[in-house]
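Results of the structural survey
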Amino acid sequence: MNAETGWLPDFLYRNGLFETGIAMFADENGRISRFSSAPQDLETAQRLHRCAILPGMVNAHSHSFQRAIRGRTEHRTNLGRDTFWTWREAMYHAANSLSPEDIRVVARMAFLEMLSSGITAVGEFHYLHHAPDGAFYENPNLLGELVMQAARETGIRIALQRTAYVRAGWRMDPNPGQARFITPRVEDFIADTEALRTTAARLYLSDSAWVTVAPHSVRAVPLDYLREVAFWARGEGMKVHMHVSEQPAEIEACEAEYGARPIELLDRNELLNDGFTGIHAIHITPDEIEFLAKAGARICACPTTERNLGDGIGPADLWTKKGVPTCYGSDSNMQIDLLEDARQLEYHLRLKRIERVVLAPDLNREGLAASLFAHATQSGAESIGAPGGALEEGRPADFFAVDLDDLSIAGAGQSALLTNIVFSAARSAVKDVWVAGKPLIAAGRHNLQEEIVRQFDDVQRRLWTWQ
Ligand SMILES: [Zn+2]
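Definitions and cut-offs
Residues numbered from 1 in each chain as written. Predicted model: local features only at pLDDT ≥ 70, side-chain atom pairs only at ≥ 80, totals over all residues. Heavy atoms only, no water. Salt bridge = Lys/Arg side-chain N within 4 Å of Asp/Glu carboxyl O. Helix = DSSP H or I, 4+ residues; strand = E, 2+ residues; numbered from the N terminus. Buried < 20%, exposed > 50% of the residue type's maximum accessible area, 1.4 Å probe, protein only. Arc of directions from axis to C-beta. Contact = heavy atoms within 4.5 Å. Phe/Tyr/Trp six-rings, centres within 6.5 Å; stacked < 30°, edge-to-face > 60°.

**Some words on the pattern of salt bridges**
This model, assessed by the stated rule, comprises 35 salt bridges. For the salt bridge of E113 with R67, the shortest nitrogen-to-oxygen distance reads 3.3 Å. Here the residue E113 occupies a position in helix α3 (residues 100-116), and R67 occupies one in the loop between β6 (57-62) and α2 (84-97), the gap between them amounting to 46 residues. Accessibility classification places E113 together with R67 in one group, the buried group. Here R104 ties to E101 by a salt bridge, and the two come within 2.7 Å at their closest N and O atoms. Of the two residues, R104 and E101 both sit in helix α3, three residues apart, roughly one turn of that helix. Overall, E101 belongs to the partly exposed group, its relative accessible area being 39%.

**Considering helix α9 (residues 286-295)**
Those residues of α9 lying buried are E288, I289, F291 and L292. Burial along α9 is one-sided: seen end-on, the buried residues are contained in an arc of 155°. Along α9, the residues that are exposed and aim more than 90 degrees away from the buried face are P286, D287 and K294. Turning to α9, the residues buried within the fold contact α8 (262-268), β12 (298-301) and α11 (316-321). G296 sits one or two positions beyond α9 and adopts a positive phi of about 75°.

**What to know about the packing of aromatic side chains**
Summed over the entire model, instances satisfying the criterion amount to 14 aromatic pairs. Ring centres of W7 and W434 lie 6.2 Å apart, and the angle between their planes is 70°; this geometry places the pair in the edge-to-face category. Here W7, found in strand β1 (residues 5-14), pairs with W434, found in strand β15 (residues 430-435); they are 427 residues apart in sequence, far enough to count as distant. Taken individually, W7 and W434 each receive the classification buried, so the pair is uniform in this respect. Ring geometry for F65 versus Y127: centroids 5.8 Å apart, planes at 90°, classification edge-to-face. Separated by 62 residues along the polypeptide, F65 in the loop between β6 and α2 and Y127 in the loop between β7 (119-126) and α4 (142-154) bring together distant segments of the chain. Each of the two residues, F65 as well as Y127, counts as buried. Taken together, the ring pairs connect F65, Y92, Y127, Y165 and F181 into an aromatic cluster.

Right under this line is the structure:
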């Protein structure tokens, strides 16, 4: 019992409700061991004054290196239309200018910001594998290992979603900007992924860093390759993530190549199941939603990125009605705030439908906030295979404290607290963050914060001198 740690906040969020007068305890392994309202337990627990605690959020989809292009793509690049595709060229510039060490530095910056916003686990969709000219590094997993190292240094849990990328697109010439991503032979991709799993198992606890796979998209991975990777992953019990239907052009190309839309193609080839998460799924039809629902697959929405890139508005109202679970990703990391993704999922639909409270499951006053928050926690954890997602006995003590007196949520009380947090909390409201019972953010700061920010600033200064 000596190694037990306890916390007593004003409010504790579990089972979809805020409770008061209850302390949470964790054992020496950082797992939640019990909850108690016994007077002697309330006495020994660390008192978190004017705080509510909630389970740490799970960011199911991130490309950490893209943190380096934040604020560098919000200007016109031509006299026609700027689109996702013009943005992508700027992203490739950054991807090809970063040294291995820079990639670690930028990942640390992104992970630090995630932790500071209450995110305790991340699914990192990692497709930088090689040198900028496409040459393999002696260790083909050099970059993936550095990203995992960055996660360990900051303390965030990570699913390294090792990404398969094969071609620019059907009948498209190779794009030199993509040389760093490409593994032409599927045997190499699987062997390299196996090697990374072995390294991860040697260096990390299985719930702090693990490896899964992510065929990039139907555009970038031809069907045979995709099937081989996905079936192998399924046999190994690994989650599979894939970008689907982010832009109309990729759907047109898929129809031209295969005579089917992307999710239709995945369904026909038995590639959808409950371990599959489709990223974006913006331009999808009711039939495609049925395929996802039937398979038990889920959708990772990335509204802050999707609005930034002009991708469109995902039909979350339709897929929610059919029972397809949603989770969130910070994706391009132009903004890192999963609560903003949560509220934008709802707000985009309000603007589109000229209607309010679209995704509320019932008449419960906190029902909408509870379901949006469950996407950011439980559903995200299930999507990436993370151990957290809820404050429950046996789960890790991954949680964050919000300051009840933060200007953005002051006066929320108990009855409207979750709605205030989901719809109005500013990042400043997130005060402390724990992973496995260890305080990583204390009073808004990480112990490596200064160093991480300074090194990132140095990389940025070098990267953008040409502008
Ligand atoms: Zn993405």
